[in-house]
Amino acid sequence: MSGTATSLSTPCSILLRQPLGFSHSSSLWTTKHERYGRRRANDFPAVTARLELKPPPYPLNALEPHMSQETLSYHWGKHHRGYVENLNKQIMGTDLDGMSLEDIIILTYNKGVILPPFNNAAQVWNHELFWDSMKPGGGGKPTSHLLELIQRDFGSFETFLNEFKTAASSQFGSGWAWLAYKANRLDVGNAVNPRPADDDKKLVVVKSPNAVNPLVWGYLPLLVIDVWEHAYFLDYENGRSDFITIFMEKLVSWDAVSIRLEMAKAQTAKRERQDLKRQELEERNADDDPVVEMYLDSDSDVSEAE
Ligand SMILES: [Fe+2]
């Protein structure tokens, strides 16, 4: 991935993103050359985007026997690679060129009217988080603060486990199941934002079809399982539920989830501070505005009425 995109250890770098300040229309698809017409090519900034294929943070055989080297080689080496390469082709020369992966996802989600690069961009992000959601010798139970929040928001770890497994197994067709931190809202104009609700600042389990990523709803993903058939068919054939059970018992990296939880909470607090500052500024500006008095010309008013 490019320097502006996520790092493998911090797949939630969306958390650091600033609101975007341009329109979110299909004009993203006009190339710089098309928009500026006859200007010479060397007037334009160089193409900077070159999203890279990031490897999993462990050797490809490290998750055996629960996820075979063959599965990981195929899944990462072909599927994930394909998404990266196709995305690079799609965004080259467009306004998306050089943006962070997260910005591309939010922009091309386009309030649900999905623009062509969305699927590849989201699949790149989703797979990076998926690799990071596992580790050799994973599974078991989370500890400390993460466990406390799971118990607070789901009642018990076992209830959470059931909800997560149900979401993953009931996702019809291809998709993903997530544990996410539901912040109050995502401060970008393009997202379909849930309104503030009682369950803000809580952990939630959600599932999504195809490439959809909860970032577009303002959620901050902490953990994900890929339930596309390519994720498990070589090892479990059509036994998705077996794969889900093994993922939770032997593969999940609660350490990584704990780190992302702290990042999500920190970013939510930062958003709130920014919102407060913006609100104070707006109120101050409103106070500074001169009072505009309007007078009605009664004669002209009458004549218009007639
Ligand atoms: Fe996949």
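All of these numbers come straight from a predicted model, not from anything done at the bench. (Residues numbered from 1 in each chain as written. Predicted model: local features only at pLDDT ≥ 70, side-chain atom pairs only at ≥ 80, totals over all residues. Heavy atoms only, no water.)

Asks: I would appreciate a short explanation of the coordination of the iron ion in the present structure.
Replies: Tetrahedral metal sites with four donors have an ideal angle of 109.5 degrees; octahedral sites with six donors have ideal angles of 90 or 180 degrees. Listed as protein donors to the iron ion are His75 (NE2), His127 (NE2), Asp226 (OD) and His230 (NE2); their distances from the metal cover 2.0 to 2.1 Å. Around the iron ion, the four donor atoms are arranged such that angles at the metal cover 90 to 135°; this shape is classified as irregular. Here the donor residues of the iron ion share one chain and are spaced in sequence as H-x51-H-x98-D-x3-H. Placement of His127 in helix α4 (residues 118–132) and of Asp226 in strand β3 (residues 219–226) is noted, with a sequence separation of 99 residues between them. (Donors = N, O, S within 2.8 Å, 3.2 Å for Na, K, Ca; no water. Tetrahedral: all angles 85-135°; square planar, octahedral: opposite > 155°, others 65-115°. Helix = DSSP H or I, 4+ residues; strand = E, 2+ residues; numbered from the N terminus.)

Asks: What am I meant to see in the packing of helix α5 (residues 144–154) against helix α9 (residues 254–288) here?
Replies: Each packed pair of helices is defined by two parameters, the angle between the axes and the distance between the axes. Axis separation between α5 and α9 bottoms out at 9 Å; the angle between their running directions is 75°. As judged from the angle between their axes, α5 and α9 are roughly perpendicular. Judged by residue contacts, His145, Leu146, Leu149 and Ile150 of α5 engage Trp254, Val257, Ser258, Leu261, Glu262 and Lys265 from α9. Looking at the contact of α5 with α9 residue by residue, the class counts come to six nonpolar, two polar and two charged. (Axes fitted to C-alpha atoms, helices over the stretch in contact; angles between N-to-C directions. Parallel < 35°, antiparallel > 145°, perpendicular 65-115°, else oblique. Contact = heavy atoms within 4.5 Å. Nonpolar A, V, L, I, M, F, W, Y, C, P; charged D, E, K, R; others polar.)

Asks: Looking at this structure, I do not really get the environment of Gly140. What am I missing?
Replies: Mapped onto the elements of the fold, Gly140 is located in the loop between α4 and α5. Taking the C-alpha atoms as reference points, Gly140 and Lys250, separated by 110 residues in sequence, lie 7.1 Å from one another. Ignoring anything within four residues of it in the chain, the contact list for Gly140 reads Phe157, Met248, Glu249 and Trp254.

Asks: Please explain the pattern of salt bridges as it appears in this structure.
Replies: Pairing between side chains becomes possible if they bear opposite charge and their charged atoms approach one another. Under the defined criterion, the tally for this structure stands at four salt bridges. For Lys135, the salt bridge is made with Asp255, and the minimal N-O distance between the two is 2.8 Å. On the criterion of sequence distance, the pair formed by Lys135 in the loop between α4 and α5 and Asp255 in helix α9 is long-range, its members being 120 residues apart. For Lys135, a relative accessible area of 26% puts it in the partly exposed group. The partner of Glu272 in a salt bridge is Lys201, with the nearest N and O atoms 2.4 Å apart. Pair noted here: Glu272 is in helix α9 and Lys201 is in the loop between β1 (175–182) and β2 (202–209), with a separation of 71 residues, a long-range link. (Salt bridge = Lys/Arg side-chain N within 4 Å of Asp/Glu carboxyl O. Buried < 20%, exposed > 50% of the residue type's maximum accessible area, 1.4 Å probe, protein only.)

Asks: Just to check I follow, could you spell out α9 for this structure?
Replies: Structural remark: α-helix, 3.6 residues per turn; residues separated by three or four positions point the same way. Between its first and last C-alpha, α9 extends 51 Å over 35 residues, near the 51 Å set by a 1.5 Å rise per residue. Of all the positions in α9, only Trp254, Ala256, Val257, Arg260, Leu261, Met263, Ala264, Gln267, Thr268, Arg271 and Asp275 are classed as buried. (Expected span 1.5 Å × (residues − 1).)

Asks: What is the right way to read the sheet that holds β1 from this model?
Replies: By definition, the strands of a sheet pair up through backbone hydrogen bonds, in either a parallel or an antiparallel sense. Read from one edge of the open sheet, three strands run β2-β1-β3, paired in antiparallel fashion. Either end of the sheet is taken by a strand with one partner, and the two such strands are β2 and β3. The mean inter-strand angle of the sheet, taken between neighbouring strand axes irrespective of direction, is 25°. Inspection of the sheet shows β1 paired to β2 by eight bridges, in the antiparallel sense. Paired with Tyr181 across the bridge in β2 is Leu203. Strands in contact with α5 are β1 and β2; relative to β2, the strand with the most contacts, it is inclined by about 75°. (Pairing = 2+ DSSP bridges.)

Asks: Explain the packing of aromatic side chains here, please?
Replies: For any pair of aromatic rings, geometry is given as the distance between the ring centres together with the angle between the planes. Across all of its chains, the model carries 14 aromatic pairs by this definition. Taken together, a centroid distance of 6.0 Å and an interplanar angle of 15° make the contact between Phe130 and Phe247 stacked. Taken together, the residues span a long stretch of sequence, with Phe130 in helix α4 and Phe247 in helix α8 (residues 240–251) at a distance of 117 residues. For the pair Phe130 and Phe247, a shared accessibility class is recorded, and that class is buried. Judged by centre distance (5.4 Å) and plane angle (20°), the rings of Tyr232 and Phe243 are stacked. Of this pair, Tyr232 sits in the loop between β3 and α7 (233–236) while Phe243 sits in helix α8, and the two are eleven residues apart along the sequence. Here Tyr232 matches Phe243 in class, with each residue buried. Among the aromatic residues, those joined into a cluster by ring pairs are Phe130, Trp131, Trp176, Trp178, Tyr232, Tyr236, Phe243 and Phe247. (Phe/Tyr/Trp six-rings, centres within 6.5 Å; stacked < 30°, edge-to-face > 60°.)

Asks: I'm lost on the nonpolar core in this one. Help?
Replies: Side chains that are nonpolar tend, in soluble globular proteins, to be buried together. Core analysis: the biggest nonpolar cluster contains 75 residues, and Phe160, Leu179 and Trp254 have the highest contact counts within it. Looking at this core, the element that brings in the most residues is α4, giving eight residues. Filtering out sequence-adjacent residues up to four positions away, Trp254 remains in contact with Gly139, Gly140, Lys141, Pro142, Leu146, Ile150, Phe157, Phe160, Leu179, Leu223 and Met248. (Core = buried A, V, L, I, M, F, W, Y, C linked by side-chain atoms within 4.5 Å.)

Asks: Would you mind showing me how to read the confidence of the model for the protein chain here?
Replies: Detailed reading of predicted coordinates is not advised where the pLDDT is low. With 73% of its residues at a pLDDT of 70 or more, the protein chain has an overall mean of 80. Low pLDDT, under 50, characterises residues 1–47; the predicted model gives this stretch 104 contacts beyond four residues in sequence or across chains. (pLDDT = per-residue confidence, 0-100.)

Asks: Just to check I follow, could you spell out the pairing of β1 for this structure?
Replies: Side chains on a regular strand alternate between the two faces of the sheet. Most of β1 sits out of view: eight of its eight residues are buried. Burial of β1 is two-sided: the residues Gly175, Ala177, Leu179 and Tyr181 facing one way and the residues Trp176, Trp178, Ala180 and Lys182 facing the other way are all buried. Taken together, the seven bridges between β1 and β3 define a ladder with antiparallel strand orientation. The partner of Ala177 across the bridge, within β3, is Ile225.

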